[in-house]
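One-letter residues, chain by chain:
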Amino acid sequence: MHIDHSQPLEYSTQQNQLNILGFWIFLGAEIMLFATLFTAYFTLEGRTGSGPTPAEIFEITPVLIETFVLLTSSFTIGLGIHAMRLGRKNAMMTFFGITLLLGLCFLGVEVFEFMHYYHVGATYQTSAFTAALLTTLGTHGGHVTLGLFWGTFILLQVKKRGLTPETANKSFIFSLYWHFLDVVWIFIFSFIYLKGMM
Amino acid sequence: MRKKWTLLTSMMALVFVLAGCEPLLVLDPKGPQAERQANDIMLSIGIMSVIVIVVMVILAYILFKYRASKQPDDYEPPHIHGNKWVEIVCVGVPILIVAYLSFVSVKSNYIVESTPEGYENQEPLVIYASSSDWKWHFSYPEEGIETVNYLYIPTDRPIEFKLYSYGPITSFWIPQLGGQKYAMSDMVTTLHLAADEAGEYMGRNANFSGKGFAENTFNVTAMSQADYDEWVDEVHDTAKPLTEDEFETLLEPGHLGQMTFTGTHLEFSPAPEHAHNEVSDEDSDESHEHSNHENHTEEETDHSGH
Amino acid sequence: MEFLEFFERFAIPHPSPAIYASMVAIALTSIGIVAGLTYFKKWGYLWREWLTTVDHKKIGIMYLVSALLMLFRGGADAIMMRAQLATPDAKLLDAQHYNEIFTTHGVVMIIFMAMPFIFAFMNLIVPLQIGARDVAFPRLNALSFWLFFAGAMLFNISFVVGGSPDAGWTSYFPLAGNDFSESVGTNYYMLAIQISGIGSLMTGINMCTTILKMRAPGMTLMKMPMFTWSAFIANVIIVFAFPVLTVALIMGTTDRLFATNFFTTESGGMDMLWANFFWIWGHPEVYILILPAFGLYSEIISTFSRRNLYGYSSMVWSMILISLLSFLVWTHHFFTMGQGALTNSIFSITTMAIAVPTGVKIFNWLFTMWKGKIRFTVPMLYSIGFIPLFTIGGVTGVMLAMSAADYQYHNTMFLVAHFHNTIIPGVVFAMLAGLTYYWPKFFGFMLNEKIGKVTFWLLTVGFVLAFFPMYLTGLDGQARRMYTYSEATGFGPLNMLSFIGAALMAIGFVTIVYNVYYSFKNSSRDIGSDPWDARSLEWATHTPVPEYNFARTPQISSSETFWDSKKNGHVLFKGEIEEIHMPNNSGVPFIMGIIFFIAGFSFIFALWVPAVIGLIGIFVCMAMRSFEKDHGRHISVKEIKETEEKLGGAK
Ligand code: HEM
Ligand SMILES: [Cu+2]
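This structure is a prediction, so every number in the text was calculated from the model and none was measured.

Novice: What is the right way to read the coordination of the iron atom of ligand 1 from this model?
Specialist: Expected angles at a metal are 109.5 degrees for tetrahedral coordination by four donors and either 90 or 180 degrees for octahedral coordination by six donors. All names here are of chain C. The coordination sphere of the iron atom of ligand 1, as far as protein atoms go, consists of His105 (NE2) and His420 (NE2), spread over 1.9 to 2.2 Å. Taken together, the six donor atoms surrounding the iron atom of ligand 1 define angles of 83 to 180° at the centre, an arrangement classified as octahedral. A residue pair is termed long-range when its members are at least 10 positions apart, and His105 in helix H5 (residues 95-129) and His420 in helix H14 (residues 413-443) qualify at 315 residues. On the accessibility criterion, His105 (13% relative accessible area) is buried. According to the relative accessible area criterion, His420 is buried, its value standing at 14%.

Structure representation (structure tokens):
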């Protein structure tokens, strides 16, 4: 394997560059996925049948906590990548660890939020609106869950194998994924929650 | 075996006779909307034929002229990149054609989506046409009449069909009077037609809707206003009223013959309120119009078992 | 007792003797295959060389074989439909069976025949045309194939286990909802397409990366061969179109399995949303199919005209334009939904606009032949037949795009004639042309030209007879998807003609199989590596292609580097042979395919325990992949030299 030392570690081999480009293209597909979900949501938002409307079920507190936690985690993973570039394995692992913990917090609050919806009678089957809402949030939440496992695996690998072109590459790609989820959340926050509460 | 072949050949002969003689339904319009559509179709067939012929002629010429067997062995074709003028023509001419057809298309869209030309000053006759598996229910609210699987209409009068469905998406189509439009369960669509000539026309559901789809047809009879008025009176004299229970049984999946009632189902099972003007499917503000529609959706669920 | 009840769900709801016969046939064939593999001790070979392969060429061949199999499955459906419609009031099929058959015909032909066919050529050709060792992610490539295959198998067992889908390949709701489609058929539709769709999406990502990053030195974007360009654009469309289908299918699945209300008629559900999503994917999908076909025609026409492709850059730009426009026209599939004149006018114009870049391409092909030296080989015959026939398909498309007139064409046989008129001369002919053209490259012998010409004429004449009458019956009021019609309609004779045409096509397809058999026995194996005197890079390496493709990386001068090296003294291969790094084989993609199959099957029948176990299995495979250390293997210089020698001298 040819390693190009003029590049950052995560870009240093041909395969690494392929991986990163491929992942960007994958994110393009993910954008389409969420765009479709948003389209469905905006179309069905007002179609509540005999169920509750958005304004009736949305609560600001958990949403604000989720937003704060996820934004912070996006920041900490940025710090993690910065540490990785400097070759500081322990700092990087710490930041990644914090990121994952924040992700876990996010998920916890989201589960709480879902339980709230269930209690106020907004279940998956209630109406077109609730189905679209829970599918959109659920898809995002599912991505976060997957990310928690993935991030943990990467952390374990960095711990065991150190910062190699391979582990650096994986960590970098994971950070792209995490930032992406953050961006999606900002859309969810603005156009689902804020719009719905107004 | 032999017999089969003679049969086949005679059939083939028949095809050409048939295709040549009897006009195709769509190209034999009996109303202003169908006529506009038939004209558009003939126009586009004309223009498109020219394109196809031009391509075929160029192709035939090139194949004939440049086939390998006609050329000396040592002929080596040149390297040609492209020519600005050729390309301008190849882009320009299609753009002109498409622009012209777009112009016609846009104009026709506005024509078929409004009261037929020449009928603007008349009050349209409103008929609600709703489909259920696999029948059509025609409600004449002004006349207080409802029919199943047949339609009587006066000639020389604009008719506004209000379409919706008790079940799958269907498409209301009377080829000789005009093109089709969907009937759906959560909104009403509008189709403007008119008949210039008295006569019997074929009508059907054109959109696949399950097992009984092929037979999902209805008869259309266009007649003079006087005959039509006579029919309305006759129905009021002879037909029995449509009750809610009766209507429920009519909705059950299956085929029915032609039926006639006084009164319409609109009284106890109104059409969905939501009218589809310009893209409402992208319009999220129309939120609460479903209150009314709830009634008939419930009915749908309990007749769905088949 | 309970035991029996459990199995009742797998019974088919509308049995017929033909279906029972197929069950027996399937069982016997499977037993036969297993017995044959065991008897000839081929299990190991199968596992090592095929099931675990990550080689793009072998994956391409597997796509090819699957596509041909599916062509016959879909063709059997087609001939049954045509037989039923050949005479008025025929009793061959009842309504239910006819509905199931046209539904599976549509899905099989588009998703499980045409898609793998284009993937076959992308896999076989693209890495060779750009001078790469393999695709960017060989393991992912294998996974894509096995997901496609799992989806295809899942879909194909529907008619013997639980019942086929019967709501049309468009599967419009509410018809496809639980209220009106009670059997598990539509569940098959949702899950089988989902699984293979995920595979397609991964191929899209893989191919885009490959083409963007792995081109040989000197090959700028504007020096890529035309097939690679077309593959690139098609894959970009895949990346952007398939996620829409993914979401729509998820919603359809939850509506059916978890009683959500996306597309139902209750609680705010909206049937039109499905139609919109379906066609936002569906229209780009037809361009995903046709663009690679265009690419193949470009290669073939230029080779057999002995000329460079005319208007290379206008070819590229028109494809880019087509790909953008293809996302802006979906509403033309339901002009009759009542959107009003304004919306219809906009989409009418965007749709017609696509005709312009398409027209440019037709003229470019014509001018490529101009001043050429045209050889009428079988691939060239298909390409020549394609030009006028596809033009007819295209102009009828423009006719359909006139929305007011479309109120009369929509849902009729006219529409059926149109899309077959584009898909068959466009996609199917291209695939057969490509098959004949590239056959020697991958199998080391040529297909017989005489038989090939017979096939071509059978298909062409059959096609014209089968589909041109439909334009007339459509205008005469014959709706599509009608399982029967009465004598009085007068549709009989023209439908009989269609049946005769379909029968000719069926014979044509059988001659392809015969051709393979005949040529395998009789064709010369001594054909060199460039039997057609071709122009692009894929012909520069040996036949059959060694696993590493090129011993030395080629140096690129133009989009026809190989031609340059033959005629203008361009030196393709420079420098010493070096050690080559190759990816390892892996059984995981195959195993994941099986797990996806099992999980999909369990979802279809709402068997939650195996479904959840299957999902967990998938994640476990992914986790294992994350921890795996796989650095591939190296082929030594000595080994390369030996292989090159054996194949007739170093290249
Ligand atoms: C032997 C050649 C073929 C024949 C005779 C044939 C015949 C038919 C017939 C009779 C129908 C149904 C018409 C109806 O709805 O009543 C149909 C539909 C269709 N065909 Fe073909 N076909 C052939 C090849 C193909 C190929 C190669 C493809 C695709 C690559 C294809 C794609 C479709 C699709 C997508 C539909 C629409 C299915 C639906 O609306 O549910 N066909 N074909
Ligand atoms: Cu389309």
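Novice: Help me understand the site of ligand 1 in this model?
Specialist: Residue and element names in this part refer to chain C. Taken together, 22 residues are adjacent to ligand 1, and Tyr98, His105, His420, Arg480 and Arg481 come closest. In this structure, His105 approaches ligand 1 through a side-chain N or O atom, which is 2.9 Å from a nitrogen atom. Side-chain polar atom of Arg481 to an oxygen atom of ligand 1: 2.3 Å apart, as the coordinates give it. Elements with a minimum of two residues in the shell around ligand 1: helix H4 (56-86), H5, H14 and helix H16 (492-522). Here the shell around ligand 1 is composed, by residue class, of 15 nonpolar, four polar and three charged.

Novice: Just checking my understanding: could you explain the nonpolar core for this structure?
Specialist: A general feature of soluble globular proteins is that nonpolar side chains tend to end up buried together. By size, the foremost hydrophobic cluster in this structure holds 313 residues, and its most contacted members are Phe112, Phe121, Trp274, Trp365, Met369 and Ile387 of chain C. If we skip the residues at most four places from it in the chain, Phe121 of chain C touches Leu64, Val126, Phe227, Leu296, Met431, Gly434, Leu435 and Tyr438 of chain C. By size, the runner-up hydrophobic cluster in this structure holds 30 residues, among which are Phe172, Ile174, Leu177 and Leu191 of chain B.

Novice: Could you clarify how one ought to interpret the interface of chain C and chain A in this entry?
Specialist: It is common to report an interface's size as the accessible area lost on association of the parts. Each side of the interface is counted separately: chain C has 35 residues, and chain A has 38 residues. Roughly 3,100 Å² is buried in total at the junction of chain C and chain A, and carbon and sulfur atoms are behind 72% of that figure. Taken together, the links from chain C to chain A amount to ten residue pairs in polar contact (both at pLDDT 80 or more). Those elements that provide at least two residues to the side of chain C that touches chain A are helix H7 (185-213), helix H8 (226-257), helix H9 (271-305) and helix H19 (608-627) of chain C. Here the element with the most residues in the side of chain C that touches chain A is H8 of chain C; it accounts for eight residues. Broken down by class, the residue content of the side of chain C that touches chain A amounts to 22 nonpolar, ten polar and three charged.

Novice: It is not clear to me how the UniProt feature "domain: Heme-copper oxidase subunit III family profile" (unreviewed entry) in chain A should be interpreted in this structure. Could you clarify?
Specialist: Mapped onto the present numbering, the UniProt feature "domain: Heme-copper oxidase subunit III family profile" (unreviewed entry) falls on residues 21-197 of chain A. Span residues 21-197 of chain A is 86% helix and 0% strand, its end C-alpha atoms 39 Å apart.

Novice: Where do I start with the sheet that holds strand E3 (residues 145-148) of chain B in this structure?
Specialist: Each strand in a sheet pairs with its neighbour through backbone hydrogen bonds, running either in the same direction (parallel) or in the opposite one (antiparallel). All names here are of chain B. Strand order in the open sheet formed by seven strands is E8-E5-E1-E2-E3-E12-E11, with mixed pairing between adjacent strands. Each having just a single partner strand, strand E8 (189-193) and strand E11 (240-241) make up the two edges of the open sheet. By the bridge criterion, two bridges tie E11 to strand E12 (residues 259-262) in an arrangement that is parallel. Its bridge partner lying in E12, Pro241 is registered against Thr262.

Novice: Would you mind showing me how to read the coordination of the copper ion (ligand 2) here?
Specialist: Residue and element names in this part refer to chain C. Here the copper ion (ligand 2) is held by the protein donor atoms His283 (ND1), His332 (NE2) and His333 (NE2), which lie 1.8 to 2.1 Å from it. Counting along the primary sequence, the residues that act as donors to the copper ion (ligand 2) give the motif H-x48-H-H. One end of the pair, His283, is in helix H9; the other, His332, is in the loop between helix H10 (312-325) and helix H11 (341-369), and 49 residues separate them in sequence. Take His283 and His332: they sit in the same class, and that class is buried.

Rules behind the numbers
- Residues numbered from 1 in each chain as written.
- Chains lettered and ligands numbered in written order.
- Predicted model: local features only at pLDDT ≥ 70, side-chain atom pairs only at ≥ 80, totals over all residues.
- Heavy atoms only, no water.
- Donors = N, O, S within 2.8 Å, 3.2 Å for Na, K, Ca; no water.
- Tetrahedral: all angles 85-135°; square planar, octahedral: opposite > 155°, others 65-115°.
- Helix = DSSP H or I, 4+ residues; strand = E, 2+ residues; numbered from the N terminus.
- Buried < 20%, exposed > 50% of the residue type's maximum accessible area, 1.4 Å probe, protein only.
- Near = heavy atom within 4 Å.
- Polar contact = N/O pair within 3.5 Å; in protein donor to acceptor, adjacent residues only side chain to side chain.
- Nonpolar A, V, L, I, M, F, W, Y, C, P; charged D, E, K, R; others polar.
- Core = buried A, V, L, I, M, F, W, Y, C linked by side-chain atoms within 4.5 Å.
- Contact = heavy atoms within 4.5 Å.
- Buried area = accessible area lost by both parts, 1.4 Å probe.
- UniProt positions renumbered as here; feature names shortened; annotations may be inferred.
- Pairing = 2+ DSSP bridges.

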